[in-house]
Amino acid sequence: DQQVDDGFNLFWNAYPKKVGKGKAIESWQKHQPDLDTVLKTLQWQIYSDQWVKENGAFIPNPATYINQQRWEDEKQLTRIERLANAI
């Protein structure tokens, strides 16, 4: 296991899909994202419609998430939030 002390392990522990750790570490070191921002964004992303449908089939691999800087995605309302807003 590669030793990482730049917040990657906290990201890895929070991320719901544990595949391709080596590539994810490389991507993390290349992009050096702000850990707090990433963790705050993950708090809503893991409940997003895209990530929960089909038992998480559409959760990006961790390296893809980092390479595409997905922590910069804008929050989409979940189906439940859309229904609640309609009332």
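Keep in mind the model is a prediction, meaning the values are calculated, not measured.

**A few points about the packing of aromatic side chains**
Aromatic ring pairs are described here by two measures, namely the spacing of the ring centres and the angle between the planes. For the structure shown, the criterion picks out 10 aromatic pairs. Aromatic pair Y15 and W51: ring centres 5.7 Å apart, planes at 70°, arrangement edge-to-face. Here the residue Y15 occupies a position in the loop between α1 (8-14) and α2 (21-31), and W51 occupies one in helix α4 (residues 49-52), the gap between them amounting to 36 residues. For the pair Y15 and W51, a shared accessibility class is recorded, and that class is buried. Here the aromatic cluster, defined as three or more aromatic residues joined through ring pairs, consists of F8, F11, W12, Y15, W28, W51, Y65 and W71.

**Brief notes about the confidence of the model for the chain**
Of the residues in the chain, 94% reach a pLDDT of 70 or more, and the chain-wide mean stands at 91. Highest mean pLDDT in the chain belongs to helix α5 (residues 62-67) (98); lowest belongs to helix α6 (residues 79-86) (81).

Calculation rules
- Residues numbered from 1 in each chain as written.
- Predicted model: local features only at pLDDT ≥ 70, side-chain atom pairs only at ≥ 80, totals over all residues.
- Heavy atoms only, no water.
- Phe/Tyr/Trp six-rings, centres within 6.5 Å; stacked < 30°, edge-to-face > 60°.
- Helix = DSSP H or I, 4+ residues; strand = E, 2+ residues; numbered from the N terminus.
- Buried < 20%, exposed > 50% of the residue type's maximum accessible area, 1.4 Å probe, protein only.
- pLDDT = per-residue confidence, 0-100.

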